[in-house]
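Below are the chains, spelled out letter by letter.
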4 protein chains.
Amino acid sequence: MTKNADLSVDIFQITTGSSEPIYRQMVEQLRRQILGGQIHAGDAMPSVRDVASGLGVNPMTVSKAYSLLESDGLLVRRRGLGMIVAQRHTQFNEAESRLELLRPSLERVGLEAQQLKLATADVLQMLREILERA
Amino acid sequence: MTKNADLSVDIFQITTGSSEPIYRQMVEQLRRQILGGQIHAGDAMPSVRDVASGLGVNPMTVSKAYSLLESDGLLVRRRGLGMIVAQRHTQFNEAESRLELLRPSLERVGLEAQQLKLATADVLQMLREILERA
Amino acid sequence: MTKNADLSVDIFQITTGSSEPIYRQMVEQLRRQILGGQIHAGDAMPSVRDVASGLGVNPMTVSKAYSLLESDGLLVRRRGLGMIVAQRHTQFNEAESRLELLRPSLERVGLEAQQLKLATADVLQMLREILERA
Amino acid sequence: MTKNADLSVDIFQITTGSSEPIYRQMVEQLRRQILGGQIHAGDAMPSVRDVASGLGVNPMTVSKAYSLLESDGLLVRRRGLGMIVAQRHTQFNEAESRLELLRPSLERVGLEAQQLKLATADVLQMLREILERA
DNA sequence: GTGGTCTAGACCACA
DNA sequence: GTGGTCTAGACCACT
């Protein structure tokens, strides 16, 4: 994979049935992929229209996601040219930091497991299977 | 803990800032605690008014949660006496079934871990610490 | 003026002909009025629909402004009840701090005056007239 | 400074982050400097390519600014030789007229100062410091 | 070509 | 009643 390449449209995996809004799914997915190093600083994002037609959603929905990512500092808008992945957030890639981003979801799992009175070993086993399957 | 006791208001742990609606947090938490056996059939639920003032939320929100739990068959309304935990759902607590209830949250963790390019061992280790701390 | 009152719709003065987008005009105006102490913490904002029909703009435009102000921490959304002015930004009211918010506009005036080779006294005199007229 | 000199690239001070488009910043800045007498009729403008590389902007952006200035009559295109500052607009520099060009920016400052509830004396003092520093 | 803004109108979730 | 989301489609500005 070369740097500064154009990203394919299928960087987004949208679930339209979810209660989580589409634009928010896009924001969270892109954030994780940038921080995870799967998307590099300087990469050109696919255009709003391309993503919209590729996913079958309204361009405004995509635009909203891009705008939020821009105000977050993860994307940079180049007027008339499109958006690219920002530089300054790419150094935030140490595995330890990324693991911390997963903590809220794990805390949620912890609370639910406690309320369900589940054994630690059973929960860890199920998660191991899911992780190794992916 | 004895059976048919009065339940305290703090069976609910509400996060008002969350995007998950309050009534839904209450429904899911109570469901898990009933299925996990931490709340028993016949236990008396605290009144709508007590829960509302205790948590600082709108009484209509609590009422909506109770209504959903009632139409789910988890609570039973006793006219003029308040609500109690229903009988028929308490037997549904085989560990295997309860574990399945946790699967959606674990699947979500799996997707996020993949996008963050995290190592399986690191994720499992963090979850183990959370589970053993609780 | 009492605290926690409902704000009238005419807190916004929109210029539709301007190149500055409507939602941005609203954001900046409200920010200044909050920091200037003309709008108090806890005040209820007029509803999206009321503002929209009052100004003759689309509700989504108003909603966009409100959303930006919320992510800025100046407004707080209360689900199903509307938005109120946040608490924490009201202490930032010292005159000195507010004056700093005006600096960018004054710097712009300074650059333009320099390029037009205008005399300091003339510029100050014109600004004085404008300020005393308001 | 002698007449009919070559102008350096740094007659333009561009802010790429601004919401004001680059070509518009260039147009307004050059207009003010011509009317203010800092740029004289007959002076040679730097080439599109020099300005573009000097400022790090797209050559088409510089070209658009030059074209607008030409259709405004402020610049004259000399085939194969580049552009020079036109004659006819240089006489338009009575101080009173130039001051009027600053009025819109001052009106804007007035509105913002009012919304920030600032004292006239404080605003004038800050502007004085900026003007005397320049 | 790019993204930004706005409209009109629909539907949903929350209190 | 409140705000949020999404669509379809138009128009604009920048490069």
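Residues numbered from 1 in each chain as written. Chains lettered and ligands numbered in written order. Predicted model: local features only at pLDDT ≥ 70, side-chain atom pairs only at ≥ 80, totals over all residues. Heavy atoms only, no water.

Labelled according to an unreviewed UniProt entry, chain A appears under the name GntR family transcriptional regulator, originating from Undibacterium seohonense.

Here's the deal with the overall build of chain A
Using the following cut-off: Each helix is a run of DSSP H or I of at least 4 residues and each strand a run of E of at least 2, with the numbering of both proceeding from the N terminus. Note on classification: 1.4 Å probe, protein chains only; a residue is buried when its accessible area is under 20% of the maximum for its type, exposed when over 50%, partly exposed between these limits. For every accessible area listed, the method is Shrake-Rupley and the probe measures 1.4 Å; residues are considered covered only by the protein chains on display.
The helix and strand tally for chain A stands at 5 helices and 2 strands. Start at the N end of chain A and walk to the C end: the helices and strands fall as α-α-α-β-β-α-α. Looking at chain A residue by residue over its 134 residues, the buried ones come to 40%. Accessible surface, chain A as shown: approximately 7,300 Å² in total, 49% of it carbon and sulfur.

Thoughts on the relation of the copies chain C and chain D
The relation between the two chain copies is a rotation about an axis coupled with a shift along that axis. Note the threshold: In superposing the copies, a least-squares fit is computed on C-alpha atoms, taking residues whose pLDDT is at least 70 in both. It only takes one pair of heavy atoms within 4.5 Å for two residues to be counted as in contact.
The transform that puts chain C on chain D rotates by 176° and translates by 0.2 Å along the axis, for an RMSD of 0.7 Å. Here the copies are linked by what is in effect a two-fold axis. The rotation axis passes nearest to the C-alpha of C:L124 in chain C, at a distance of 3.3 Å. Mapped onto chain D, 97% of the interface residues of chain C are again interface residues, and the two copies thus contact each other with one and the same surface.

A short note on the pairing of strand β2 (residues 82-85) of chain B
Residue and element names in this part refer to chain B. Applied cut-off: Criterion used throughout: strands pair if DSSP finds at least two bridges between them.
Pairing of strand β1 (residues 75-78) with β2, which is carried by 4 bridges, proceeds in the antiparallel orientation. Within the sheet, the bridge partner assigned to L75 lies in β2 and is V85. As consecutive antiparallel partners, β1 and β2 are separated by 3 residues, and within that stretch G80 has a phi angle of approximately 75°, a positive value.

Brief notes about the protein's contact with DNA strand F
Quick note on the threshold: We call a residue near a molecule or strand when any one of its heavy atoms sits within 4 Å of it. Side-chain atoms alone can form a polar contact between residues adjacent in sequence; in general such a contact is a pair of N or O atoms within 3.5 Å, and within protein one must be able to donate a hydrogen while the other accepts it. Each residue is assigned to one class: nonpolar for Ala, Val, Leu, Ile, Met, Phe, Trp, Tyr, Cys and Pro, charged for Asp, Glu, Lys and Arg, and polar for all the others, Gly among them.
Lining the immediate surroundings of DNA strand F are 26 residues, of which A:I22, A:N58, C:R77, D:P21 and D:Y23 lie closest. When atoms of DNA strand F within 4 Å of the protein are sorted by moiety, sugar and phosphate together comprise 67%. Within the contact set of DNA strand F, a phosphate oxygen lies 2.5 Å away from a backbone nitrogen or oxygen of A:I22. For the surface near DNA strand F, the elements supplying multiple residues, two or more each, are α1 (22-35) and α3 (59-71) of chain A, α2 (48-55), α3 (59-71) and β2 (82-85) of chain C together with α1 (22-35) and α3 (59-71) of chain D. Top contributing element to the surface near DNA strand F by residue count: α3(A), with 3 residues. For the surface near DNA strand F, a count of residues per class yields 12 nonpolar, 9 polar and 5 charged.

Digging into the interface of chain C and chain D
Heads up, the condition is: Once two parts are joined, some of their accessible surface, as seen by a 1.4 Å probe, is lost; buried area is that loss totalled over both. We count a salt bridge whenever a side-chain nitrogen from Lys or Arg sits within 4 Å of a carboxyl oxygen from Asp or Glu.
With 38 residues of chain C at the contact, the number on the chain D side is 39 residues. Interface area for chain C against chain D, summed over the two sides, is near 4,300 Å², with a carbon-plus-sulfur share of 66%. Considering only the surface of chain C that becomes buried against chain D, C:Q115, C:L116 and C:M126 emerge as the three largest contributors, covering 17% of it. On the surface where chain C and chain D come into contact, there are 5 salt bridges.

Brief notes about the protein's contact with DNA strand E
In the region of DNA strand E, 25 residues are neighbours, and A:R77, B:P21, B:N58, C:I22 and C:R79 sit closest. Within the side chain of C:Y23, an N or O atom sits 2.7 Å from a phosphate oxygen of DNA strand E. In this structure, a phosphate oxygen belonging to DNA strand E sits 2.8 Å away from a side-chain N or O atom of C:T61. Elements with a minimum of two residues in the surface near DNA strand E: α2 (48-55), α3 and β2 (82-85) of chain A, α1 (22-35) of chain B together with α1 (22-35) and α3 of chain C. The element contributing the most residues to the surface near DNA strand E is α3(C), with 3 residues. Classifying every residue of the surface near DNA strand E by side-chain character gives 12 nonpolar, 9 polar and 4 charged.

Topic: α1(C)
Owing to its 3.6 residues per turn, the α-helix aligns residues three or four sequence positions apart on the same side. Residues and elements named next belong to chain C. To keep things clear, this is the line we draw: How far a helix is expected to stretch is found by multiplying one less than its residue total by 1.5 Å.
Here α1 spans 20 Å end to end across 14 residues, near enough to the 20 Å set by a 1.5 Å rise per residue. Every buried residue of α1 is listed here: Q25, M26, V27, Q29, L30, R32, Q33, I34 and L35. G37 lies just past α1 and shows a positive phi near 85°.

With respect to the domain arrangement of chain A
Often, the extent of an interface is quoted as the loss of accessible area on bringing the components together. For clarity, the threshold we go by: Residue ranges assigned to each domain were obtained from an automatic or database domain assignment.
Assigned domains of chain A: these are domain 1 (9-85) and domain 2 (102-133). Computed over C-alpha atoms only, the centres of domain 1 of chain A and domain 2 of chain A are separated by 29 Å.

Quick look at the packing of helix α5 (residues 120-133) of chain C against helix α5 (residues 120-133) of chain D
Put simply, the rule reads: In this analysis an axis means a line fitted to C-alpha atoms, helices contributing only their contacting stretch, and an angle means the value between N-to-C directions, from 0 to 180 degrees. Angular relationships are summarised with four words: roughly parallel below 35 degrees, roughly antiparallel beyond 145, roughly perpendicular across 65 to 115, and oblique for the angles in between. By definition, turning the near helix anticlockwise from the far helix through less than a right angle yields a left-handed crossing, and turning it clockwise yields a right-handed one.
Axis separation between α5(C) and α5(D) bottoms out at 10 Å; the angle between their running directions is 155°. In this view, α5(C) runs roughly antiparallel relative to α5(D), as classed from their interaxial angle. The element α5(C) and its partner α5(D) pack so that their crossing is right-handed. Seen from α5(C), the contacting residues are C:T120, C:V123, C:L124, C:L127, C:R128 and C:L131; seen from α5(D), they are D:T120, D:V123, D:L124, D:L127, D:R128 and D:L131. Looking at the contact of α5(C) with α5(D) residue by residue, the classes come out as 8 nonpolar, 2 polar and 2 charged.

Looking at unusual backbone geometry
All names here are of chain A. Phi is positive for K117, close to 50°, though the residue is something other than glycine. Turning to its location among the elements, K117 is positioned in the loop between α4 (95-115) and α5 (120-133). Exposure remark for K117: the relative accessible area of 51% places this residue in the exposed category.

Regarding the packing of aromatic side chains
As a reminder of what qualifies: Whether two aromatic rings pair depends on their centres lying within 6.5 Å, for rings of Phe, Tyr and Trp, where Trp uses its six-membered ring; planes under 30 degrees apart make the pair stacked, over 60 edge-to-face, and the rest tilted. Think of it as a cone above the ring: NZ of Lys or CZ of Arg counts as a charge over the ring if it is within 6 Å of the ring centre and within 35 degrees of the ring normal.
Overall, the coordinates contain 0 aromatic pairs over all chains when judged by the stated rule. Here the basic side chain of B:K64 rests over the ring of B:Y23, its NZ or CZ set 4.5 Å away from the ring centre.

What about the pattern of salt bridges?
One pass over the full model with this rule turns up 42 salt bridges over all chains. Residue B:E107 is joined to A:R133 by a salt bridge in which the shortest nitrogen-to-oxygen separation is 2.9 Å. Here the residue B:E107 occupies a position in helix α4 (residues 95-115), and A:R133 occupies one in helix α5, the pair thus bridging two chains. Under the relative-accessibility criterion, B:E107 is labelled partly exposed at 28%. By relative accessible area, A:R133 is classed as exposed at 55%. Connected through shared salt-bridge partners, A:R24, A:E28, A:R31 and A:D72 make up one network.

Some words on the packing of α4(A) against helix α5 (residues 120-133) of chain B
At their nearest, the axes of α4(A) and α5(B) sit 9 Å apart, and the two run at 45° to each other. On the basis of the axis angle, α4(A) is oblique to α5(B). α5(B) is crossed by α4(A), and the crossing has right-handed handedness. Across from A:L99, A:E100, A:L102, A:R103, A:L106, A:E107, A:V109, A:G110 and A:A113 in α4(A), the residues of α5(B) making contact are B:D122, B:V123, B:M126, B:L127, B:I130, B:L131 and B:R133. Each residue belonging to the contact of α4(A) with α5(B) can be placed in one class, and the counts come to 10 nonpolar, 1 polar and 5 charged.

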